[in-house]
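Next come the chains, spelled out residue by residue.
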Amino acid sequence: MLTQKSETAFNKAKDVIPGGVDSPVRAFKSVEGTPLFIEKGEGAYLVDVDGNRYIDFVQSWGPLIFGHGDKKIEDAVIDAVKQGLSFGAPTEVETKLASEICMMFDCMDKVRFVSSGTEAVMSAIRLARGFTGRDDIVKFEGCYHGHSDSLLVQAGSGAVTFGTPSSPGVPADLTKHTLLAKYNDLESVKKCFENSDDIACIIIEPIAGNMGLVPADEIFLEGLRTLCDKHGALLIYDEVMSGFRASLKGAQGLTAVIPDIVTFGKVIGGGMPVGAFGARREIMDKLSPDGPVYQAGTLSGNPIAMNAGLASLTKLKSIENLYSSLEAKAKRLTQGLKAAANSVGIPLQVDVRGSMFGFFFNANPVKNFDDALRSDTEMFARFHQMMLQEGVYLACSQFETGFISTEMSDEMIDKVIEVSQKVFKELS
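Residues numbered from 1 in each chain as written. Predicted model: local features only at pLDDT ≥ 70, side-chain atom pairs only at ≥ 80, totals over all residues. Heavy atoms only, no water.

1. Looking at the pattern of salt bridges
Applying the stated criterion across every chain, the model contains 19 salt bridges. One salt bridge in this structure joins Asp 217 and Lys 367, with 2.6 Å as the shortest N-O distance. Here Asp 217 is found in the loop between strand 12 (214-215) and helix 7 (218-231), whereas its partner Lys 367 is found in the loop between strand 17 (356-360) and helix 11 (369-373), with 150 residues between them in sequence. Note on Asp 217: relative accessible area 26%, which makes it partly exposed. Taking the shortest distance from any N to any O, the salt bridge between Arg 225 and Asp 260 comes out at 2.8 Å. With a gap of 35 residues between them, Arg 225 in helix 7 and Asp 260 in the loop between strand 13 (234-238) and strand 14 (261-265) connect regions that are remote in the sequence. Looking at Arg 225, the relative accessible area reads 15%, which means it is buried. (Salt bridge = Lys/Arg side-chain N within 4 Å of Asp/Glu carboxyl O. Helix = DSSP H or I, 4+ residues; strand = E, 2+ residues; numbered from the N terminus. Buried < 20%, exposed > 50% of the residue type's maximum accessible area, 1.4 Å probe, protein only.)

Here it is as structure tokens:
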């Protein structure tokens, strides 16, 4: 596989862009390779600047549930572009998309659109603080909620601690209000409430996607709901990744536990930059201009993203058995990978939620971030490099999630499994 053009492009990019990329994971640091510069996407495939084709299991980190270049979404975008790129004023399509989303979730009467998942989560936390009149928040080790200051924290020496900044430029005065708990460990959350009577909310990815795919146990979510109700805190589901991916209702289609606030992104933009957060009426009515909690954005609800999102959701709802079909393909892939790895003595843990899948080079099940960190990241890096050589594009980190699109056939997946058998033999 030739990659000279990607290597040249990367070197040029590093002269004018920090690290040569606009989001750190794209630099391929954890897989020790040169990032591939992409020229175009076609259905289930990516094509790089050297002309190499790859089956794409990243799908722009989730939003492209119908693959690259879906005609219905492209047509919606092109039609919208012809009317103007952005107005900084309300449009009817915002209301249409908001109505579609609100009708699907019992916990949501109103929704506000923003331009990214980071912005959605940041705004949801501000709203929770404004609604409760409290300052502290609880988050979980291994859950990523964007790069806003209050959420860039690292664990301290204790099992539960107030967070300290994990990035220069983040004031400790902000992260001291963030308490860290262990995913799928209710006792660690109880300790947070013992340490603070000023907790506004718990925020969690109910299906974690940024420590690899790690779903929350149902009994754990039930416990979080009980703690929030007992202490007057709000429960926020970060479904930026899992929303409309794990099921038509995201994680909420797979659990009986109802949150107070939900954040969305990815799929509701159909590939365009978008985010959203929503809740029941009494919470959302605290938001400006109806209430005192301020939030704004010039490009929020821009018509291009709204039309793409409406086309995406309309298509999602129109296809019978869509998610069961996608899940069957995800299970076909992960079970095939596991069998291939185990056949040569390589331990592999796998999991699937709807069209989301994950795997760890780990001898034991992964239930939290500590478990994930025990995975063999060097093995993953070698596996990633070798699969790229075979035309398979996987997420470039052990701690990311993969995605199935409707454009992937069983034959494609069987080909990937066949290729993996060859790679695992070489790795062993």
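2. Structural notes on the pairing of strand 9 (residues 178-181)
The two faces of strand 9 match: Thr 178 and Leu 180 on one face and Leu 179 and Ala 181 on the other face are all buried. Bridge count between strand 5 (residues 136-140) and strand 9: 4 bridges; the pairing is parallel. What sits directly across from Lys 139, in strand 9, is Leu 180. (Pairing = 2+ DSSP bridges.)

3. What to know about the sheet that holds strand 16 (residues 349-353)
Strand order across the open sheet formed by 3 strands is 16-17-19, with antiparallel pairing between neighbours. Pairing within the sheet leaves two strands with one partner each, and these edge strands are strand 16 and strand 19 (402-403). Bridge count between strand 17 and strand 19: 2 bridges; the pairing is antiparallel. Bridge pairing in strand 19 links Met 356 to Phe 403.

4. Side note on the sheet that holds strand 3 (residues 53-56)
Pairing is mixed across the open sheet formed by 4 strands, whose spatial order is 1-2-3-18. The two strands at the open ends of the sheet, each matched to only one other strand, are strand 1 (38-42) and strand 18 (392-393). Two elements, strand 2 (residues 45-48) and strand 3, share 3 bridges in a ladder whose sense is antiparallel. Across the sheet, Tyr 45 pairs through a bridge with Ile 55, a residue of strand 3.

5. Let's talk about the confidence of the model for the chain
For the chain, per-residue confidence averages 94 on the pLDDT scale, and residues scoring 70 or more make up 97% of the total. A low-confidence stretch, residues 155-161 (pLDDT under 50), is modelled with 14 contacts involving residues beyond four sequence positions or located in other chains. (pLDDT = per-residue confidence, 0-100. Contact = heavy atoms within 4.5 Å.)

6. Description of the packing of aromatic side chains
For the structure on display, the rule yields 17 aromatic pairs. Ring geometry for Phe 361 and Phe 380: centres 6.5 Å apart, planes at 65°, overall edge-to-face. Placement of the pair is Phe 361 in the loop between strand 17 and helix 11 and Phe 380 in helix 12 (residues 377-389), with a sequence separation of 19 residues. In this structure Phe 361 comes out as buried when scored by relative accessible area, which is 4%. (Phe/Tyr/Trp six-rings, centres within 6.5 Å; stacked < 30°, edge-to-face > 60°.)

7. As for the environment of Gly 270
Here Gly 270 is to be found in the loop between strand 14 and strand 15 (275-279). C-alpha separation for the pair Gly 270 and Glu 100, spaced 170 residues apart in sequence, amounts to 14 Å. Apart from residues lying up to four places away in sequence, Gly 270 is in contact with Leu 64, Ile 73, Ala 308, Gly 309 and Ser 312.

8. What about the packing of helix 3 (residues 92-104) against helix 9 (residues 303-318)?
Two elements in contact, helix 3 and helix 9, have axes separated by 9 Å at closest approach and are oriented at 35°. Note on packing geometry: the crossing formed by helix 3 with helix 9 is left-handed. Between helix 3 and helix 9, the contacting residues are Val 93, Glu 94, Lys 96, Leu 97, Glu 100, Ile 101 and Met 104 on the first element and Pro 303, Met 306, Asn 307, Gly 309, Leu 310, Leu 313 and Lys 317 on the second. By residue class, the composition of the contact of helix 3 with helix 9 is 8 nonpolar, 2 polar and 4 charged. (Axes fitted to C-alpha atoms, helices over the stretch in contact; angles between N-to-C directions. Left-handed = near helix turned anticlockwise from the far one by under 90°. Nonpolar A, V, L, I, M, F, W, Y, C, P; charged D, E, K, R; others polar.)

9. Focus on helix 6 (residues 186-195)
Among the residues of helix 6, Ser 188, Val 189, Cys 192 and Phe 193 are the ones counted as buried. Burial along helix 6 is one-sided: seen end-on, the buried residues are contained in an arc of 150°. Structurally, helix 6 contributes buried residues whose contacts are with strand 5, strand 9, strand 10 (199-204) and helix 7. The backbone nitrogen of Glu 187 lies 3.2 Å from a side-chain oxygen of the residue at the head of helix 6, namely Asp 185. (Arc of directions from axis to C-beta. Polar contact = N/O pair within 3.5 Å; in protein donor to acceptor, adjacent residues only side chain to side chain.)

10. Some points on the environment of Asp 185
Looking at where Asp 185 falls in the secondary structure, it is placed in the loop between strand 9 and helix 6. Once the C-alpha coordinates of Asp 185 and Ala 246 are considered, the two residues, 61 residues apart in sequence, prove to be 22 Å apart.

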